[in-house]
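A look at the structure
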Amino acid sequence: MYRTRAELIDILVARDGLQCAYPDHTHTLSPDTPEGPLQITIDHVEPQSWCREQGWTDEQIWDISNLALMCKKGNAAKGNRRYINGVLEERPVSRFVYRRLKRSQRPDV
């Protein structure tokens, strides 16, 4: 059974309250704040990309037990990383190298 975004948010608010699930975020998610709305997003506790690698079905990926509420900023910061023993994984190290640097390291022919 597929649920709408609003239905999912209602279920998650009833389960967890309006707390942002991102570590170190203690603010309450509220659509009506004087400085503007804190945009509520639905986060996958286990990222969709990891779940698909593990062979999960869409029903398992979108199960309520794999969802949490986060603010937009926290969800973007988490990205597709996982929590391991309650700690968020480190970001992968970028291996970007400028083309001119690669070319300068080539042997002269």
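Everything discussed here concerns the structure shown above.
Described in the following lines is the structure provided in the data block. Here the structure is a predicted model, which is why all the values come from computation and not from measurement.

**Things to note about the packing of aromatic side chains**
What the rule picks out here adds up to 2 aromatic pairs. Here the aromatic rings of tryptophan 50 and tryptophan 56 are separated by 5.9 Å at their centres, their planes lie at 75°, and the arrangement is edge-to-face. Ring geometry for phenylalanine 96 against tyrosine 98: centres 5.0 Å apart, planes inclined by 80°, an arrangement best described as edge-to-face. If you follow arginine 100 out to its NZ or CZ, it ends over the ring of tyrosine 98, 4.9 Å from the centre.

**Things to note about a nonpolar patch on the surface**
There is a patch of nonpolar side chains on the surface, built from Phe96, Val97, Tyr98 and Leu101 and spanning about 410 Å² of accessible area. Here phenylalanine 96 lies in the loop between β4 (87-88) and α5 (99-104). Classification of phenylalanine 96 by relative accessible area gives exposed; the value is 59%.

**What to know about the nonpolar core**
By size, the foremost hydrophobic cluster in this structure holds 14 residues, and its most contacted members are Leu12, Cys20, Leu29, Ile42, Leu67 and Leu69. Going through the elements one at a time, α1 (5-16), β1 (40-44) and β2 (67-71) are the ones with two or more residues in this core. Broken down by element, the residue count for this core peaks at 4 residues, all from β2. With residues up to four places along the chain from it excluded, the contact list for cysteine 20 reads His25, His27, Leu29, Leu69, Met70 and Cys71.

**Topic: the pattern of salt bridges**
One pass over the structure, following the stated rule, counts 4 salt bridges. Taking the shortest distance from any N to any O, the salt bridge between glutamate 46 and arginine 82 comes out at 2.7 Å. Here the residue glutamate 46 occupies a position in the loop between β1 and α2 (48-53), and arginine 82 occupies one in the loop between α4 (72-78) and β3 (83-84), the gap between them amounting to 36 residues. The pair formed by glutamate 46 and arginine 82 is uniform in burial state, with each residue classed as buried.

**Some details on a positive patch on the surface**
Taken together, Arg99, Lys102, Arg103 and Arg106 make up a surface patch of like positive charges. With respect to the helices and strands, arginine 106 occurs in the segment after α5.

**Notes on the side chain of histidine 44**
Looking at the secondary structure, you find histidine 44 in strand β1. Separated by 3.5 Å, the side chains of histidine 44 and glutamine 48 make a polar contact. Once you skip the residues sitting within four places of it in the chain, histidine 44 turns out to touch Ile61, Trp62, Asn66, Leu67 and Lys78.

The rules behind these values
- Throughout this description, residue numbers start from 1 for each chain and increase along the sequence as written.
- Selection of residues for local features in this predicted model requires a pLDDT of at least 70, selection of side-chain atom pairs for listing and counting requires 80 or more, and totals for whole chains, interfaces and linings are taken over all residues.
- Only hydrogens and water are set aside; all other atoms, that is, all heavy atoms of the structure, feed into the side-chain values.
- When two rings of Phe, Tyr or Trp (its six-membered ring) have centres within 6.5 Å they constitute a pair, described as stacked for plane angles under 30 degrees, edge-to-face for angles over 60, and tilted for the intermediate range.
- Distance and angle both matter: a charge sits over a ring if NZ of Lys or CZ of Arg is within 6 Å of the ring centre and within 35 degrees of the ring normal.
- Without a salt bridge and with relative accessible area above 30%, a residue can belong to a patch; like charges are then joined within 9 Å and nonpolar side chains (Val, Leu, Ile, Met, Phe, Trp, Tyr) within 5 Å.
- In short, Shrake-Rupley with a 1.4 Å probe defines the accessible areas, and a residue's cover is counted only from the protein chains shown.
- For this analysis, a salt bridge means a side-chain nitrogen from Lys or Arg found within 4 Å of a carboxyl oxygen belonging to Asp or Glu.
- The way it works is that DSSP assigns letters per residue, a run of H or I at least four long becomes a helix, a run of E at least two long becomes a strand, and they are numbered from the N terminus.
- For every residue, the accessible area (1.4 Å probe, protein chains only) is compared with the maximum for its type, and the residue is labelled buried under 20%, exposed over 50%, or partly exposed between those bounds.
- Within this scheme, the nonpolar core is defined by two criteria: the residues are buried Ala, Val, Leu, Ile, Met, Phe, Trp, Tyr or Cys, and they are joined through side-chain atoms within 4.5 Å.
- Throughout, a contact is declared for two residues whenever any of their heavy atoms are within 4.5 Å.
- Residues scored as charged are limited to Lys and Arg (positive) and Asp and Glu (negative), so that His and the chain ends carry no count.
- The atom standing in for a charge is NZ when the residue is Lys, CZ when it is Arg, CG when it is Asp and CD when it is Glu.
- What qualifies as a polar contact is a pair of N or O atoms within 3.5 Å, subject to a donor-acceptor requirement within protein and to the restriction that residues adjacent in sequence count only when both atoms come from side chains.

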